[in-house]
Structures are given as structure tokens and as C-alpha cells.
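A closer look at the structure
Below, each chain spelled out in residue letters.
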Amino acid sequence: MAIDRWLLTQHQSGKYPSTLRFYTWSPPAISLGYHQRQYPEHWQNLTWQNQKLDLVRRPTGGRAVLHQGDLTYAVVTSGLGDNRLVAYQKICEFLIQGWRSLGFALSYGTAGRGYIHNPNCFGTATGADLVLPTGAKLIGSAQLRCGGVILQHGSIRLQPDTELFAQVFGVEDFNPVKLNLSVDDIISALITAANNCFDIELETQPLSPSEWDEIHMTS
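The notes below deal with the structure included here.

With that settled, consider the pairing of strand β10 (residues 137-146). Most of β10 is tucked away: ten of the ten residues are buried. Of the strand pairs in this sheet, strand β9 (residues 130-131) and β10 are connected by two bridges, and their pairing is antiparallel. Considered in β10, the bridge of leucine 130 is made with isoleucine 139. Between the end of β9 and the start of β10, which pair antiparallel, lie five residues, with glycine 135 showing a positive phi angle near 95 degrees. Of the strand pairs in this sheet, β10 and strand β11 (residues 149-157) are connected by eight bridges, and their pairing is antiparallel. When the bridges of β11 are listed, serine 141 appears paired with glycine 154.

Here's what the structure looks like:
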């Protein structure tokens, strides 16, 4: 996520165009929303498959997300106006189209501000989140806005470990969605959707050694 924050500053300064990133987490981690100050103390001592879970803070808002068995996306862009919900919907359109091409119909959640009392991001689905027809939340998203530049993060829940999820959030009846899709297939579908949705041609651009050095100095 330090890379995402760096990309935002690069876009602000005009050095980078709008960017779309996908990544997974190793070791697994719990990310806290930027404004989330309270969380269970036992989160600091959780392990999974003999690996200690990292506890990190996102630059974006929202509640805690367990990053294990999920795919994270990040969008850095600008020019979407001041209405936060409209900006969410403009960005999320590629997610809706991409998942539709994979055979899954997604719609926006309807929860209100009550989500702030739930430490689990996936415990509620707001108008910034995407849910399946069953009501199960598939994608949780959050934003950071700096002037006219937006960083939007999202976690796509794919194959989380149910026992670990219960350890973190105390949810015993959690039933993950069986997607039977590879991460590569999902990313490919979402990239195609982004190209079509935003009328662009995304190009893969690895970070240079000097850019990595910049990111390490700011993280």
C-alpha cells in the first residue's frame, strides 16, 4: 500500500498517469482504515500457518480488512468531481462489468453510517461496496482524496480461510462464496473491462530501481 500512496503523489505532480494495480498479500495481514482507532487487542498476536499476521494501517478509510485469500485492487485517478459516491460508481463500473463477464452480477450495498460501529469491513455493505445477488459482499472499497486526486482501494474476497476469519472477527457462520476462478483469470477480466469501460489501453509498467528506492524512503 505504500506503493499506492506513492503513485498518488506521482499522479498529483503529473509524473504518472492514472494507474490500476492488483496484488495479494504475503504474509497475510489485517489492514485498518485510516480513521479506525479501536480494534481487538488479540489482533496483534494472530498467526496463520505459522506466520504472524501483520497489522497495518491503510491510507484509505473504512473498517478492518483481513487480507488472506483475497485480491486487492488500487486505482489512482483524477477528474471525477467532488461527489464521493459518484466517484465510487464511476470507478467501480469496471468491477461490475468485469465480474459480469465472469458470470457474476454485482450491485451496490445499501447500508448507512452504521458500518462505523462494525470493526469488520465485510460485516456491512455500503453504497461504495459491491454485493452478489445473495447479498454476500464480494468487494469492499474505500477512498483517499487529495485535492482532485483519488486513491481507491478495494478487497475482493476470493478464498478466505473460514477459521482464521472467525478468529479475527468472531463470525462463526461465515460461508465464503465458491468462485472456482483463478486470480489470473479475474485480473485479466478486470483489465479488459477497465479498457472497455474507460476507453483506454492499459500498459504494464514495472517500477524502476530508483522508484523502489523512493517508495522505501517514504514508507
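What follows is about the sheet that holds strand β7 (residues 70-78). Read across the sheet, six strands follow the order β1-β7-β11-β10-β9-β8 without closing on themselves; strand pairing throughout is antiparallel. Edge positions in the sheet fall to β1 (19-23) and β8 (107-108), since each has one partner strand and no second. The pairing of β1 with β7 spans five bridges and is antiparallel. Following the sheet pairing, tyrosine 23 is matched in β7 by threonine 72. The sheet contacts of helix α1 (residues 2-12) involve β1, β7, β10 and β11, and relative to β11 the element is tilted by about 150 degrees. In the packing of helix α4 (residues 183-198) onto the sheet, the strands contacted are β1, β7 and β11, and the crossing angle to β1 comes to about 170 degrees.

Rules behind the numbers
Residues numbered from 1 in each chain as written. Predicted model: local features only at pLDDT ≥ 70, side-chain atom pairs only at ≥ 80, totals over all residues. Heavy atoms only, no water. Buried < 20%, exposed > 50% of the residue type's maximum accessible area, 1.4 Å probe, protein only. Helix = DSSP H or I, 4+ residues; strand = E, 2+ residues; numbered from the N terminus. Pairing = 2+ DSSP bridges. Contact = heavy atoms within 4.5 Å. Axes fitted to C-alpha atoms, helices over the stretch in contact; angles between N-to-C directions.

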